[in-house]
Amino acid sequence: MINLANDHGGYSLGMKLFSKMVEKKLHIRHHGCCSSDISTDYPLFAKRVVEEVQFLNYAVGILVCGTGIGMCMAANRNSNVRAAVCHNITEAKLAREHNNANILCLPGRFMEFDDAWAITKTFLKTKFSEESRHVKRLEMFQ
Ligand code: RB5
């Protein structure tokens, strides 16, 4: 299950990604917000996605705000959340392989849809490497 949310700054890119994933028949839910016209508070939308992915190994999240940074900060305050802002497919691949990231954060105001979609596809298809050095480092988060 993919859980996507955006604030007003991430609305345009978030909705384009959501539509694309619906078109691709991916199992996705949108958790708001639904306009770029009203100023919203990104921690509220981060929380909605966090609650969906926090304790489910098979669930992932996508959070889009203006920079991706605020969403990432808000998400990472929660246990079992490993959120990463990714600006290219290499970062998306490594965020999954090395960091077992379960939430992808994207900068809606600074990224074109084609790049965001390529990054999202990479994030969704890449698995955690399970290498012991990475497992050990993630356990040190506790
Ligand atoms: C909203 O103006 C903006 O601050 C937000 O979308 C995000 O970029 C925060 O990190």
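Here goes a summary of the coordinates provided. (Residues numbered from 1 in each chain as written. Predicted model: local features only at pLDDT ≥ 70, side-chain atom pairs only at ≥ 80, totals over all residues. Heavy atoms only, no water.)

1. Side note on the overall build of the chain
Okay, so step 1: Within the chain, the regular secondary structure consists of six helices and five strands.
Okay, so step 2: If you list the helices and strands of the chain from N to C, you get β-α-β-α-β-α-β-α-β-α-α.
Okay, so step 3: In terms of overall size, the chain behaves like a compact globule, its C-alpha atoms giving a radius of gyration of 14 Å where 142 residues would be expected to give roughly 14 Å.
Okay, so step 4: Along the first, second and third principal axes, the C-alpha atoms of the chain reach 45 × 25 × 25 Å. (Helix = DSSP H or I, 4+ residues; strand = E, 2+ residues; numbered from the N terminus. Rg over C-alpha atoms; globule rule 2.2 N^0.38 Å.)

2. Quick look at the sheet that holds strand β1 (residues 2–6)
Okay, so step 1: Strand order in the open sheet made by the five strands is β2-β1-β3-β5-β4, with parallel pairing throughout. At either margin of the open sheet sits one strand with a lone partner, and together these are β2 (28–30) and β4 (83–85). Neighbour-to-neighbour, the strand axes of this sheet turn through a mean angle of 20°, independent of strand direction.
Okay, so step 2: Pairing between β4 and strand β5 (residues 103–107): three bridges, direction parallel. Bridge assignment links V85 to a residue of β5, and that residue is C105.
Okay, so step 3: Where helix α5 (residues 113–125) meets the sheet, it contacts β1, β3 (60–65) and β5, and its direction lies at approximately 170° from that of β5. (Pairing = 2+ DSSP bridges. Axes fitted to C-alpha atoms, helices over the stretch in contact; angles between N-to-C directions. Contact = heavy atoms within 4.5 Å.)

3. Concerning the site of the ligand
Okay, so step 1: As a matter of local geometry, the ligand sits amid D7, H8, Y42, C65, G66, T67, G70 and R109.
Okay, so step 2: Note that an oxygen atom of the ligand is positioned 2.6 Å from one of the side-chain N or O atoms of D7.
Okay, so step 3: G66 is positioned such that a nitrogen or oxygen atom in its backbone is 2.7 Å from an oxygen atom of the ligand.
Okay, so step 4: Contact with the protein chains hides 72% of the accessible area of the ligand, taken as 300 Å² for the molecule alone.
Okay, so step 5: Class assignment of the residues belonging to the shell around the ligand gives a composition of two nonpolar, four polar and two charged. (Near = heavy atom within 4 Å. Polar contact = N/O pair within 3.5 Å; in protein donor to acceptor, adjacent residues only side chain to side chain. Areas by Shrake-Rupley, 256 points an atom, 1.4 Å probe, with all protein chains shown as cover. Nonpolar A, V, L, I, M, F, W, Y, C, P; charged D, E, K, R; others polar.)

Geometry only, nothing functional implied.
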